[in-house]
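# Overview (structure and organization)
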Amino acid sequence: MPETGFDVVIIGTGAGGGTMAHALASTSARVLLVERGDFVPQEPENWSPEAVWRDRRYRPRDERWIDDRRRLKRTFRPYTHYGVGGNTKFWGSALFRLRREDFEAVEHADGTSPAWPIKYEALAPFYDRAERLFQVHGEAGADPTDPPRGPFPCPPVPHAPRIAEIVEQLRSEGLHPAPLPLGLRDGCILCRTCNSFPCQLHAKSEADVCCVRPALTHANVTLWTNAFARRLDTDPSGTRVVSAEIERNGTAVTVHAPLFIVACGAVNSAALLLRSASAVHRNGLANSSGLVGARYMAHLATMISAFNRHRKNDTVFQKTVAVNDYYHAGPRTPHPLGQIQSQGRTQAVVLKSESPWYGRWIPLPAWEWWASGAVDWLVMSEDLPRPENRITIDSQGRIHLRYRQNNVASHQALVRETSRILKRLGFFTITHSLGTRNTTHQCGTLVFGDDPRTSVLDPFCRTHDVENLFVVDASFFPSSAAVNPGLTIVAQALRVADHIRDTCL
Ligand SMILES: Cc1cc2nc3c(=O)[nH]c(=O)nc-3n(C[C@H](O)[C@H](O)[C@H](O)COP(=O)(O)OP(=O)(O)OC[C@H]3O[C@@H](n4cnc5c(N)ncnc54)[C@H](O)[C@@H]3O)c2cc1C
Ligand code: SF4
């Protein structure tokens with residue numbers, strides 16, 4: 001029997017889908033949330049580096065994507081999570097607004113970062129709401145690249161003594177380190193297992209605890225877990241989705257509803273639309289532009305482990321500082337380089353598990369010695385949208401990723417500059433990058449814009465081709481900027497939710 005008792009079906013419960021559910025919960029609409037994974041259990045393993053990094057306990061076991069760059073088309077296990085809250089359960093909760101300039105076209109060494117169809121001012125009030133919803137801590141005015149804004153809802157997280165010392169050293173280098181904007185809730189004990197770990201205390205601001213659970217206290221919101229959306233079907237004209245085919249606990253269910261909101265993450269939302277090809281949408285649903293799956297971006301990211309053999313690092317919570325001095329231009333170039341931020345403490349097991357093959361032969365105590373003196377940094381640069389960087393699916397529905405990084409010279413310049421600075425501060429540095437397989441900041445596969453020929457979604461994230469289909473995850477980004485994407489996904493989901501309330505419900 002088809003299910004018909006819902007007004008809105010939201011597919012995916014991460015940053016976009018969870019926020020949308022929270023925003024629509026207070027309406028009279030009967031909302032169904034469809035999530036392929038389950039709740040992440042609260043258990044001691046949440047904070048175990050062995051469970052999270054060595055055993056990959058919370059990553060989908062059977063998920064393999066195909067790397068299309070090579071002739072051999074090797075498969076890889078993507079760095080992603082399926083469960084209530086999506087990837088936000090594991091994020092580092094660094095919740096940045098895009099810089100005002102990110103909404104404009106910006107010239108990079110490797111090409112143009114395109115303009116967004118909306119300006120910063122259109123999103124600013126929703127950033128305010130997003131920061132309140134996710135309890136973001138920070139200090140307005142401390143970061144010279146911040147867009148115009150009022151105070152943060154919560155005060156900045158104080159630096160640990162060793163980090164405060166490094167911040168002063170960075171200032172004496174002429175830089176402007178600022179408190180990292182962080183989403184943390186009451187009860188946070190500022191532990192050393194935050195970024196990439198689920199919070200055992202539910203004190204991290206993420207979509208499960210901030211959005212989905214509060215939404216479920218409303219009688220009009222229903223959640224199906226272990227429910228995988230296989231495809232969406234339209235009426236014969238192809239202009240309205242009429243139903244979703246869901247595999248729920250192994251059983252096929254068809255859900256009919258007047259409104260569908262897809263929020264599966266940039267890769268899986270594109271894959272869902274491509275799998276939903278039909279006689280009227282031959283190349284995939286809502287794909288008259290041919291851009292569904294195209295323009296995939298993921299940030300260029302390098303971890304720098306800075307070691308000082310004369311100083312132990314006794315910091316527990318280290319992720320408190322951001323340096324944006326090279327965001328708009330580098331010290332030796334007029335082009336943008338990107339952002340530097342301190343990271344959570346990298347533990348010995350993580351260093352060993354993530355090192356190249358030869359590093360895995362190094363005994364754990366040696367890694368422990370290194371980790372005890374290391375301060376960890378993340379260096380991140382903008383990835384530019386290229387049509388040839390794209391997601392496709394094959395006849396068996398498997399996901400293929402064809403992706404070559406660009407803007408590499410700028411990223412390398414930022415890594416070199418950061419290493420130079422850290423050396424002047426007395427550190428020896430080693431770098432590590434997941435390269436093209438780092439799918440954590442995936443975005444851009446269903447770009448939003450005014451022109452249906454050059455975009456998939458309109459500026460309110462409704463598909464140009466299908467009138468009752470919206471997408472509210474990281475897919476809509478026309479450019480990736482160089483700050484973490486989460487808060488922008490949340491802010492746009494809130495903006496779209498208001499639009500849906502006003503026009504569809
Ligand atoms: C380790 C890590 C650290 C990060 N740190 C930060 C950070 O500090 N700051 C920041 O801003 N960003 C961070 N990110 C990135 C951030 O988590 C993502 O940008 C964000 O979660 C993307 O939101 P989304 O709504 O697009 O997708 P997701 O949050 O991934 O949600 C997608 C949801 O859809 C579900 N789903 C997928 N396919 C289907 C289907 N077919 N049927 C049903 N359900 C489906 C998934 O299970 C998931 O729940 C981090 C990511 C990771 C992995
Ligand atoms: S730092 Fe706070 S929010 Fe993060 S995992 Fe630890 S207790 Fe949870």
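Residues numbered from 1 in each chain as written. Chains lettered and ligands numbered in written order. Predicted model: local features only at pLDDT ≥ 70, side-chain atom pairs only at ≥ 80, totals over all residues.

### As for the overall build of the protein
A count of helices and strands for the protein gives 10 helices and 22 strands. Principal-axis analysis of the C-alpha atoms gives the protein an extent of 70 × 50 × 50 Å. Looking at the 505 residues of the protein, the share that counts as buried comes to 51%. (Helix = DSSP H or I, 4+ residues; strand = E, 2+ residues; numbered from the N terminus. Buried ≥ 20, exposed ≤ 12 C-beta atoms within 10 Å, placed from the backbone.)

### Quick word on the site of ligand 2
Lining the immediate surroundings of ligand 2 are 13 residues, of which Cys-188, Cys-191, Cys-194, Cys-199 and Lys-204 lie closest. Partitioning the shell around ligand 2 into residue classes produces 11 nonpolar, 1 polar and 1 charged. (Near = placed C-beta within 6 Å. Nonpolar A, V, L, I, M, F, W, Y, C, P; charged D, E, K, R; others polar.)

### Section: the site of ligand 1
Taken together, 41 residues lie around ligand 1, and Gly-12, Gly-14, Gly-86, Asp-473 and Gly-486 are the ones closest in. Counting residues per element, the ones that place at least two in the shell around ligand 1 are α1 (15-25), β11 (227-234), α6 (266-275) and α10 (486-503). Partitioning the shell around ligand 1 into residue classes produces 18 nonpolar, 20 polar and 3 charged.

### Re the sheet that holds strand β21 (residues 428-432)
With respect to topology, 6 strands assemble into an open sheet ordered β8-β16-β17-β18-β15-β21, the strand pairing being antiparallel. Looking at which strands have only one partner, the edges of the open sheet turn out to be β8 (178-179) and β21. In terms of strand pairing, strand β15 (residues 300-307) meets β21 through 5 bridges, oriented antiparallel. Along β21, the bridge assignment pairs Met-303 with His-432. (Pairing = 2+ DSSP bridges.)

### Section: the sheet that holds strand β2 (residues 31-34)
The 5 strands lie next to each other as β10-β2-β1-β14-β22, forming an open sheet whose pairing is parallel. The two strands at the open ends of the sheet, each matched to only one other strand, are β10 (221-224) and β22 (469-471). Ignoring which end each strand starts from, the neighbouring axes of this sheet average 20° apart. For β2 and β10, the ladder comprises 4 bridges, and the chain directions are parallel. In the sheet register, Val-31 faces β10, and the bridge partner there is Val-221. (Axes fitted to C-alpha atoms, helices over the stretch in contact; angles between N-to-C directions.)

### Remarks on unusual backbone geometry
Non-glycine residue His-202 carries a positive phi angle of around 55°. Within the secondary structure, His-202 sits in the loop between β9 (182-183) and α5 (207-216). Judged by local crowding, His-202 falls into the partly exposed class, with 17 C-beta atoms found within 10 Å.

### Quick look at the nonpolar core
Grouped together as the largest cluster of nonpolar side chains are 135 residues, with contacts concentrated most on Val-9, Ile-10 and Ala-21. Counting residues per element, this core draws most heavily on α10, which supplies 9 residues. Among all residues touching Ala-21, those that are not within four sequence positions of it are Ile-10, Thr-13, Val-31, Leu-33, Cys-211, Val-212, Ala-215 and Val-221. Counting 7 residues, the second largest nonpolar core, distinct from the first, contains Val-52, Phe-90, Cys-194 and Phe-197. (Core = buried A, V, L, I, M, F, W, Y, C linked by C-beta atoms within 7 Å. Contact = placed C-beta atoms within 7 Å.)

### Description of the pairing of strand β20 (residues 399-402)
Burial along β20 is one-sided: Ile-399 and Leu-401 are buried, while His-400 and Arg-402, pointing the other way, are not. Here 2 bridges tie strand β3 (residues 65-67) to β20, and the two strands are oriented parallel to one another. The partner of Asp-67 across the bridge, within β20, is Leu-401. The sheet contact formed by strand β19 (residues 390-393) and β20 spans 4 bridges and is antiparallel. When the sheet's bridge partners are listed, Arg-390 is paired in β20 with Arg-402. Connecting the antiparallel pair β19 and β20 is a turn made up of 5 residues, with Gly-397 showing a positive phi of about 80°.

Function cannot be inferred from these measures alone, as they are strictly geometric.
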